[in-house]
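Structural description and commentary
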Amino acid sequence: MTFTRRRGAAFFAALIVAWAALLLLVAGVRWDTPLLADGQRVFAGSRFHAVFGTALPEGQQLNVTAPADDLSSLQTTQLPELDAARFPILSYRFEDFPGALELSFVFRTADGDDVETISVPAPTSSRAITVDLSAIPAWKGKVVEMGFAQFPITQLAPPRSAFRPFTLTSVTLHGASWTGKLKSTFGEWTARVPWRFISISALGPDEIGDVAPHAPRLPLVVAFALGIAILLAWMILRLRGRRFARFVALAFGIAWIALDLFWLRDLDGKRRVDRDLWGAIPLEQRQDRVEDIDIAEAAAHLKVLLRREPRTRHILLSSSAPKTSLRFIYHAAPLNMSVAAALPEALREGLPPGTIIVRYDMPGAAKKGLLAFGNRFLRVTVLEEGPEMSVYRVLGVKP
Amino acid sequence: MTAATLLAIWVATLLLGSGMWVAVAGWPRQAADRWCALGGGWIVGAAACGMLVRVLAANALNAVPTRAGLCAAVIGALCWATAWWARRSVDALPAPVPLVRRGDRLWIALLLALLAWHGWILFDDALLHPTLPWDAWAVWLGKAKAWVLAGRIDPSVSYEDWIGHPVAATRTGVAWMYPELIPWMAVWMAAGTHWIEPLIGLLWFGLGAAMLLLHYGQWRALGVRPLAACAGTYVLGSIPLLDVHVTLGGYADLWIAAVLSMGAHAWLRWSCLGERRQLGIVAIAMLLLPLIKLEGSVWSIILGLACVFRALPPHLRARRFLIGAGVLLLVVIACIALGLPWTGVARRYLDTGRFFDLGQIGVSAASLAAALWAQWNWNLLWFALPVALWWNRHRWWRSRMTRRLVAFVALPFVVMLGLFLFTSAARYAQSYSAVNRLLLQITPLLVSVLVLALRAPDVDDKPDATG
């Protein structure tokens, strides 16, 4: 073997060792973690029962057939005081899990009052998904109950069309191991992450203020791996000058493309969720299937109610939250609508007659034809008053 | 809406924009200029069609296809005819065209295949979902939807004005004072429909594709080899946050990024290659930027200052910085005196100029670092850029073109860092919100810095008269 070949072999050997060490470090493997799990507890799907929603056991599986009235579902099972520290690796299998549902793992410990809930990757196939629970602060002591909750994807899925029947196949709790931690890290990197409001600003945290423990994001890990490769090439291969520059450029190029392939996979996953939600309906109807369908329906009803009003008619909206107001106004277009705010000095005597006041997701507030607005009482007629929405027309200001 | 109407809208956009481009920049004799006319033309065309909608059909939006569409097609055709008629007297000798090496073709094919894969996923996803991100429905497309469904464009006024004039045909909203070019463009894309959100979202897909074509053309025109220009185009097209803005259309930041980069590259061609007609493209960019978003005024001023800076006669060069600072000060004072809305936004960012203590700076710096290096937003851009600039520092420092582009990007970038580290705007860094979108506005220029800094050593700038 020539000197150059020996250096090449040493480079690759060092690279494999260093990258493996990096991967183990990222996965949170400690020096005393065993290579393989020394024990496991397997729970067939049929052992779980529905707490919310409808589910029926069939053989070793549990078929979840319908959600509860609030469109969520929950399946749990009691545990014989299982030692959390001994079984920190969770793996689970589902079949036909709907693309428009989110999945949470819930558990209760013997000394804990509340149920703990953590968001876990939703399955995209029937393959097992592994999650490392050791970083969850509440996973300690004796676990007496565990289960899974499902609900429509927040900020995205139209709730009423999100659910489809699925099957809980099995759940396994393993002891800590290299393989379990590596599978968990890889599972986190390849988890399905649907679009959220924050996606337009940042791709990484599941939400602003998300404090759940995460493995370092893949770009950072790849950058470290790249740095190691470049350092080893300089030290062992003794590349210098243009050859070193070529090596660095090639390494960056390959790393960029590798990350891009991961990103394309993620992007395609987001697209599949969208296809699941909107793919079956015509193009022009997709905007009618939204996550806040209740607001959209109320706004559509208001448009019908006010269809004979002149198009310049001013409509003021009060609602329970700023987002609700903004979404209501968007859905209610082309009504000439604004959020109700303090009146300017020029209108200190009150709103002009004819103005429409809408209260959405708030109780009706008119009493005996009078409605408090700002620091005045307005004389109003009730156009509609209901538990969800009330609509009033201003007649004048109470003297 | 028929597919024919949709096709006609896209063709009219391209015809008008590319016509304006070649009328301003000259007949595209070289392939690089044809790519620029195609990509840049689409961007300019979308903006110009939006303006035509506002001017010609504001009171009868059902007439948009006939009035604005026909007008766009006619003006576009006239512009092309003018450029063709004036082509001989305008164009200079063509520059030598570097050939594609045989070994490069495989790489180019791979990069194009990856870009096509991106394109397919983004296109399909854009057509699947309705308008999703917050500001898209709350700010940028809210006005357009109300106009389209009402059949006319009503002026937006403050809440006080609106509530005080109950019979006036006006509207109000959280973004009543924001520029309206994007809503006008959305109305143009909605022509012939009763507001179909996935079709409106395609405006951003078109922008993304046009931006890639434009950058490929500009890099080729600046002397970058085909493989490097393709690689740069792929890098730009594979930046995750940019992909997000293409498929989750509705925000203004990608428009700012595209138009700012369009203006900056035209400025580079004028100042380094002596192509005077590129000043027309700079002027278009300066006009469009404030019409897109309030921050656009700041970018427009920076572009204008860069032009003034380069245009100063040689004997004033020693005093350039002083003159530049003086002009900037005068412009800012004039903007404040005229009460231009962007000054209000700047004040809001600075929030009376309050500075954080060291502890807060640490949190902001950590958040900023996480946004740049620890999330999926930028692939490896923020690793590659410093490495490339350091590694090739001697070579790119000798290149006047790269040096000028670095200077053009570095100053605003440093200002952004200061903004997000030392002022109350740090909250945007800590929430990962505005910080990434503001950085997105200079991302095409950062990729351009990367491409130019890594240019092959045998490619150098042409001498220019201004030094």
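Data block above holds the structure.
Below or above, wherever it landed, is the structure these notes cover. Within any chain, residue numbers begin from 1 and follow the written order of that chain's sequence. Starting at A for chains and at 1 for ligands, labels are handed out in the order in which the entities are written. This being a predicted model, a pLDDT of at least 70 is required before a residue's local features are given, and a value of 80 or more before pairs of side-chain atoms are given or counted; all residues contribute to the totals for chains, interfaces and linings. Processing note: side-chain calculations cover all non-hydrogen atoms of the structure and skip hydrogens and water entirely.

The helix and strand inventory of chain A stands at six helices and 17 strands. As defined in this context, the radius of gyration uses C-alpha atoms, and a globule is described by 2.2 Å times the residue total to the power 0.38. Whereas a compact globule of 399 residues would reach a radius of gyration of roughly 21 Å, chain A reaches 29 Å, over 25% beyond that. Dimensions of chain A along its principal axes, counting C-alpha atoms only, are 100 × 60 × 40 Å. Working definition: with a 1.4 Å probe on protein chains only, accessible area under 20% of the residue-type maximum means buried, over 50% means exposed, and in between means partly exposed. Among the 399 residues that make up chain A, the fraction classed as buried is 50%. Contact definition: two residues touch when any of their heavy atoms are within 4.5 Å. Pairs at least 24 residues apart make up 74% of the contacts formed inside chain A by residues separated by at least 6 positions. Helix and strand labels come from DSSP, where a helix needs a run of H or I of at least four residues and a strand needs a run of E of at least two; each type is numbered from the N terminus.

With that out of the way, let us pick up the interface of chain A and chain B. Taken residue by residue, the interface counts 72 residues in chain A and 77 residues in chain B. By buried area we mean the combined loss of accessible area, with a 1.4 Å probe, across both parts when two parts are placed together. Summed over both sides, the interface between chain A and chain B buries roughly 6500 Å², with carbon and sulfur atoms accounting for 71% of that surface. A carboxyl oxygen of Asp or Glu within 4 Å of a side-chain nitrogen of Lys or Arg is what we treat as a salt bridge. On the surface where chain A and chain B come into contact, there are three salt bridges. A salt bridge links arginine 311 of chain A to aspartate 154 of chain B; the shortest N-O distance between them is 3.5 Å. N or O atoms closer than or at 3.5 Å make up a polar contact, with two conditions inside protein: a donor-capable atom paired with an acceptor-capable one, and, for residues adjacent in sequence, both atoms drawn from side chains. At the junction of chain A with chain B, the criterion picks out 24 residue pairs in polar contact (both at pLDDT 80 or more). Sorting elements by how many residues they give to the side of chain A that touches chain B places helix H4 (residues 241-278) of chain A first, with 21 residues. Gly counts as polar in this scheme, as do all residues outside two lists: the nonpolar Ala, Val, Leu, Ile, Met, Phe, Trp, Tyr, Cys and Pro, and the charged Asp, Glu, Lys and Arg. Tallied by class, residues from the side of chain A that touches chain B come to 47 nonpolar, eleven polar and 14 charged.

Let us now look at the pattern of salt bridges. One pass over the structure, following the stated rule, counts 25 salt bridges over all chains. The residue arginine 275 of chain A makes a salt bridge to aspartate 124 of chain B at a minimum N-O spacing of 2.8 Å. With arginine 275 of chain A in helix H4 and aspartate 124 of chain B in helix H5 (residues 102-128), the pair connects residues from two separate chains. Judged by relative accessible area, arginine 275 of chain A falls into the partly exposed class, the value being 39%. One salt bridge connects glutamate 275 of chain B with arginine 269 of chain B, and the closest N-O pair in it is separated by 2.8 Å. Overall, the relative accessible area of 25% leaves glutamate 275 of chain B in the partly exposed class.

Now for the sheet that holds strand E12 (residues 315-319) of chain A. All names here are of chain A. Here, any two strands with at least 2 DSSP bridges between them count as paired. On the basis of which strands lie adjacent, the open sheet formed by six strands has the order E13-E12-E14-E17-E16-E15 and mixed pairing. Edge positions in the sheet fall to strand E13 (337-339) and strand E15 (370-373), since each of these pairs with one other strand and no more. Averaged over all pairs of adjacent strands, the angle between strand axes in this sheet comes to 40 degrees, irrespective of strand direction. Two elements, E12 and strand E14 (residues 356-360), share five bridges in a ladder whose sense is parallel. Axis definition: a line fit to C-alpha positions, over the contact stretch in the case of helices; interaxial angles, taken between N-to-C directions, run 0 to 180 degrees.

Let us look at helix H11 (residues 240-247) of chain B. Of all eight residues that make up H11 of chain B, eight are buried, and the element is covered over most of its length. Taken together, the buried positions of H11 of chain B are Pro240, Leu241, Leu242, Asp243, Val244, His245, Val246 and Thr247 of chain B. Against H4 of chain A together with H5, helix H9 (197-221), helix H10 (226-237), helix H12 (253-273) and helix H22 (434-440) of chain B lie the buried residues of H11 of chain B.

Residue and element names in this part refer to chain A. Read across the open sheet, the five strands follow the order E2-E5-E10-E7-E8; overall the sheet is antiparallel. Each of the sheet's edge strands pairs with one partner strand only, and the pair in question is strand E2 (49-52) and strand E8 (116-120). For this sheet, the mean inter-axis angle between neighbouring strands, taken without regard to orientation, is 30 degrees.

All names here are of chain B. Between helix H6 (residues 134-150) and helix H8 (residues 181-189), the least distance of the axes is 8 Å, while the angle of their chain directions is 45 degrees. Of the possible angle classes, the one that applies to H6 and H8 is oblique. In the crossing of H6 with H8, the sense of the turn from one axis to the other is right-handed. Residues Trp140, Leu141, Lys143, Ala144, Trp147 and Val148 of H6 form the contact with H8, whose participating residues are Ile182, Pro183, Trp184, Ala186 and Val187. Its residues placed into classes, the contact of H6 with H8 shows ten nonpolar, no polar and one charged. Every angle not falling under 35 degrees, over 145, or within 65 to 115 is termed oblique; those three ranges are roughly parallel, roughly antiparallel and roughly perpendicular. Less than a right angle of anticlockwise turn of the near helix away from the far helix marks a crossing as left-handed, whereas a clockwise turn marks it as right-handed.

Note on terminology: a nonpolar core comprises buried Ala, Val, Leu, Ile, Met, Phe, Trp, Tyr and Cys residues joined through side-chain atoms within 4.5 Å. Judged by nonpolar contacts, the single largest core of 230 residues is most densely connected at Tyr92 and Phe105 of chain A together with Trp255 and Leu380 of chain B. Apart from residues lying up to four places away in sequence, leucine 380 of chain B is in contact with Pro219, Val222, Ala223, Leu226, Phe252, Ala255, Trp256 and Leu259 of chain A. Grouped together as the second largest cluster of nonpolar side chains are 16 residues, Ile315, Ala332, Met389 and Val391 of chain A included.

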